[in-house]
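Spelled out, the chains give:
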Amino acid sequence: MVPMTKNAIASTTLVLLVALILCTAGCTTVVGGDTTPAAADTTLLVYSGAGLKKPMTGIGEAFTEKYGIAVDYTFAGSGTLITQMELSRKGDAFVPGGTPDYRIAQDKGLVGEPGYVAYHVPVIVVCKGNPQNITSVDDFARPGLKIALGGANTTAIGRAGDKLFQKHGIFDAVEANVVLRAPTINEVVVAMNMGTADAALITLDLVNSETMDVIDLPQEDGLTLIVPVGATTFTEHPDAARQFVEFVTSDEGKAIFAKHGFPTYPDPTYAGIEP
């Protein structure tokens, strides 16, 4: 075997380095026709209100299909999500059921400026056929009724409902009738579906017409909420988080909310509702 000369060794090394550079330059992932760094390596963590699970799941699937960026969710009551964000300082975006909860997170420095996607419209629901003849929220104070509500510390609608009862001067009477204070609005829906409550406050998108009748709340009661979305201040993927927020608030994202029964923002019907 003939020993390699110094020149031959140098030439071989140069060839290997050039090959390595060319390989590295070619290692990209093509997403939507653009050559970008491997988006498949990015996974966003999104904190979402439990009542938004259906549209946000659909949005996550559509976003991943379009951009190649995976989305993982934590679904819970907004109060629980804010606590998780505050303790962990991890995650990329926050989508609560209404702007009051978003402002709490913003005041804590957890999220930036929001975009707006849809309206969360609270309604009274009663058992099918309305056997208790409930006609307004004032009837929630009637002795003997069984009322299911979202938790005031964990859900946007629970907080809004309590303000409404205080406004009508019936808070204590309603509280005496409460048989469920649920950590998320989904448990309230379950209670109504099972017939364990006579009436509840839920949002229009969660109404099951087979088990419930709906009584609209007057707009002057001001319970309608706007659904915000924004990136966290501690995201490790700021560009992907911004892209996700833009997608949620785009016409494509809003169409997914509309598919699940949410009026989309802005809507002249709710012109008096401010973020």
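Here the structure is a predicted model, which is why all the values come from computation and not from measurement.

Visitor: Run through empty space enclosed by the protein, naming residues and quoting values.
Guide: Under the definition given, this model contains 2 cavities of 30 Å³ or more. Taken as a whole, the largest cavity holds about 160 Å³ of empty space. Residues that form the lining of the largest cavity fall into these classes: 8 nonpolar, 10 polar and no charged. Every residue along the wall of the second largest cavity is listed here: Leu-149, Gly-150, Ile-157, Gly-158, Gly-161, Asp-162, Phe-165, Arg-181 and Leu-201. Residue assignment for the lining of the second largest cavity shows that the elements contributing at least two residues are β8 (147–150) and α5 (156–167). Residue classes in the lining of the second largest cavity are distributed as 4 nonpolar, 3 polar and 2 charged.

Visitor: Help me get a handle on the environment of Val-123, residues and values and all.
Guide: Residue position: Val-123 is located in strand β7 (residues 122–127). Using a relative accessible area of 2% as the deciding quantity, one classes Val-123 as buried. Sequence separation between Val-123 and Val-214 is 91 residues, and the spatial gap between their C-alpha atoms is 6.7 Å. In this structure Val-123 touches Ala-200, Leu-201, Ile-202, Thr-203, Leu-204, Val-207, Val-214, Ile-215, Asp-216 and Leu-217, once residues within four positions along its chain are discounted.

Visitor: Break down unusual backbone geometry for me, citing the residues and quoting the values.
Guide: With an omega dihedral of -5°, the bond running from Tyr-265 to Pro-266 counts as a cis peptide bond. Assignment of secondary structure puts Pro-266 in the segment after α9 (251–259). At Asn-130, a position not held by glycine, the phi torsion is positive, near 50°. With respect to the helices and strands, Asn-130 occurs in the loop between β7 and β8. Not every positive phi belongs to a glycine, and Asn-133 is a case in point at roughly 55°. As for its placement among the helices and strands, Asn-133 is situated in the loop between β7 and β8.

Visitor: Which residues make up the packing of helix α3 (residues 78–88) against helix α4 (residues 99–107), and what values do they have?
Guide: For the pair α3 and α4, the least separation of the axes is 10 Å and the interaxial angle reads 15°. Judged by the inter-axis angle, α3 sits roughly parallel to α4. In this structure, α3 meets α4 at a crossing whose hand is right-handed. Residues Ser-78, Ile-82 and Met-85 of α3 form the contact with α4, whose own contacting residues are Asp-101, Ile-104 and Ala-105.

Visitor: So, the sheet that holds strand β10 (residues 199–203): which residues are in play, and what are the values?
Guide: Here we have 5 strands laid out as an open sheet, ordered β9-β8-β10-β7-β11, and mixed in their pairing. Across the chains shown, the open sheet's two edge strands, defined by having one partner strand only, are β9 (178–182) and β11 (212–216). Each strand axis lies, on average, 30° off the axis of its neighbour in the sheet, ignoring direction. Contacting β7, β8, β9 and β10, α5 runs over the sheet at an angle of about 125° to β10.

Calculation notes
Residues numbered from 1 in each chain as written. Predicted model: local features only at pLDDT ≥ 70, side-chain atom pairs only at ≥ 80, totals over all residues. Heavy atoms only, no water. 1 Å grid on protein atoms, 1.4 Å probe; cavity = no way out; pocket = protein on both sides within 12 Å on 5 of 7 lines; lining within 4 Å. Points joined across faces, edges and corners; volume = space filled by probe spheres on them. Nonpolar A, V, L, I, M, F, W, Y, C, P; charged D, E, K, R; others polar. Helix = DSSP H or I, 4+ residues; strand = E, 2+ residues; numbered from the N terminus. Buried < 20%, exposed > 50% of the residue type's maximum accessible area, 1.4 Å probe, protein only. Contact = heavy atoms within 4.5 Å. Axes fitted to C-alpha atoms, helices over the stretch in contact; angles between N-to-C directions. Parallel < 35°, antiparallel > 145°, perpendicular 65-115°, else oblique. Left-handed = near helix turned anticlockwise from the far one by under 90°. Pairing = 2+ DSSP bridges.

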